[in-house]
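# Structural overview for review
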Amino acid sequence: SIRSNLAESVICRMYSAGALPTVGIIHATHDLHIPSDLYYAPVTRAFTEAASLMVALHNDIFSYPKEAKDQSSDVSTLLAIMAEKHCALEEAIAHLIQLSNQVMLRLVELGQRLEAIGLADLTRYRDATLEMLAGHLAFELRCARYARGEVALPEIDVVDRKSVV
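These numbers were taken from a predicted model, which means no experiment stands behind them.

### Quick look at the nonpolar core
- By size, the foremost hydrophobic cluster in this structure holds 40 residues, and its most contacted members are Ile34, Leu78, Leu96, Val103, Leu107, Tyr125 and Leu133.
- Among the elements of the structure, helix 1 (6-16), helix 2 (19-24), helix 4 (36-39), helix 5 (42-62), helix 7 (77-85), helix 8 (89-116) and helix 9 (120-142) are those that each provide at least two residues to this core.
- The element that contributes the greatest number of residues to this core is helix 5, accounting for 10 residues.
- Sequence-distant contacts of Leu133, defined by excluding residues within four places in its chain, comprise Ala51, Met54, Val55 and Leu107.

Put into structure tokens, the structure is as follows:
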């Protein structure tokens, strides 16, 4: 089932989290001119899909207290991990953060490949997408919508790239 199988829920969430349309218009909102063959190339598509997955994974972590309170039946990668691994919330979050870190490493690699193509607007697309991801995470950390519910998330430290470099 999609609600108890991580692989299936990841695919579902990548396309249902709502980030693909946002990432998909970055080239228009930033007046970028990326030829279709590059915009739809496998490396660009993989980068875009990985960015969408990052939004979904973060959303599934931070919306958990609200979803638990509302007894939502939405697809959630966090709930799928709990079901698949028969584990508690804290362990599932650790698994989900590990998955998020793997996706982020893939995003960095794909971003480097986009830059290596040598088209300035493609590099700006990468940068704008990463900026959108950082903004999304900052929003989720502070959003009142996700503060609802009795279930408390374990303490999560978020480190930005400026403090890592």
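### Some details on the environment of Arg113
- Topologically, Arg113 is positioned in helix 8.
- Arg113 sits 69 residues away from Thr44 along the chain, and the two C-alpha atoms are 9.0 Å apart.
- For Arg113, the residues in contact, after removing those within four places along its chain, are Val43 and Arg106.

### Focus: unusual backbone geometry
- The phi angle at Asp31 is positive, at roughly 50 degrees, despite the residue not being glycine.
- The topology assignment puts Asp31 in the loop between helix 3 (26-29) and helix 4.
- Of note in this structure, His86 is not a glycine but carries a positive phi near 50 degrees.
- Judged by its relative accessible area of 72%, His86 is exposed.

### What about the packing of aromatic side chains?
- Enumeration over the complete set of coordinates arrives at three aromatic pairs.
- Centre to centre, the rings of Tyr39 and Tyr40 are 5.0 Å apart; their planes meet at 90 degrees, and the pair counts as edge-to-face.
- Owing to a relative accessible area of 13%, Tyr39 belongs among the buried residues under this scheme.
- According to the relative accessible area criterion, Tyr40 is exposed, its value standing at 61%.
- Aromatic pair Tyr39 and Tyr125: ring centres 5.9 Å apart, planes at 70 degrees, arrangement edge-to-face. Here Tyr39, found in helix 4, pairs with Tyr125, found in helix 9; they are 86 residues apart in sequence, far enough to count as distant.
- Counting every residue linked through ring pairs, the aromatic cluster contains Tyr39, Tyr40, Phe47 and Tyr125.

### What about the pattern of salt bridges?
- Per the stated rule, a full pass over the model turns up six salt bridges.
- Between Glu49 and Arg45 there is a salt bridge; the shortest N-O distance is 2.9 Å. Taken together, the positions of Glu49 and Arg45, both in helix 5 and four residues apart, correspond to about one turn of that helix.
- Here Glu49 falls in the buried class, since its relative accessible area comes to 17%.
- One salt bridge in this structure joins Asp121 and Arg124, with 2.2 Å as the shortest N-O distance.

### Quick look at the environment of Tyr125
- By relative accessible area, Tyr125 is classed as buried at 0%.
- Linking Tyr125 and Tyr39, residues 86 residues apart in sequence, is a C-alpha distance of 9.8 Å.
- Excluding anything up to four places from it in sequence, Tyr125 contacts Val23, Ile26, His27, Leu32, Ile34, Tyr39, Thr44, Phe47 and Thr48.
- There is a polar contact of 2.6 Å between the side chain of Tyr125 and the side chain of Thr48.

### Focus on the packing of helix 5 against helix 8
- Contact geometry of helix 5 with helix 8 gives a least axis separation of 9 Å together with a crossing angle of 155 degrees. Taken together, the axes of helix 5 and helix 8 are roughly antiparallel relative to one another. When you trace helix 5 past helix 8, the crossing you get is left-handed. Along its contact with helix 5, which presents Val43, Thr44, Ala46, Phe47, Ala50, Ala51, Leu53, Met54, Leu57, His58, Asp60 and Ile61, the element helix 8 presents Leu96, Ile97, Leu99, Ser100, Val103, Met104, Leu107, Leu110, Gly111, Arg113 and Leu114.
- Residue composition of the contact of helix 5 with helix 8, by class: 17 nonpolar, four polar and two charged.

About the thresholds
Residues numbered from 1 in each chain as written. Predicted model: local features only at pLDDT ≥ 70, side-chain atom pairs only at ≥ 80, totals over all residues. Heavy atoms only, no water. Core = buried A, V, L, I, M, F, W, Y, C linked by side-chain atoms within 4.5 Å. Buried < 20%, exposed > 50% of the residue type's maximum accessible area, 1.4 Å probe, protein only. Helix = DSSP H or I, 4+ residues; strand = E, 2+ residues; numbered from the N terminus. Contact = heavy atoms within 4.5 Å. Phe/Tyr/Trp six-rings, centres within 6.5 Å; stacked < 30°, edge-to-face > 60°. Salt bridge = Lys/Arg side-chain N within 4 Å of Asp/Glu carboxyl O. Polar contact = N/O pair within 3.5 Å; in protein donor to acceptor, adjacent residues only side chain to side chain. Axes fitted to C-alpha atoms, helices over the stretch in contact; angles between N-to-C directions. Parallel < 35°, antiparallel > 145°, perpendicular 65-115°, else oblique. Left-handed = near helix turned anticlockwise from the far one by under 90°. Nonpolar A, V, L, I, M, F, W, Y, C, P; charged D, E, K, R; others polar.

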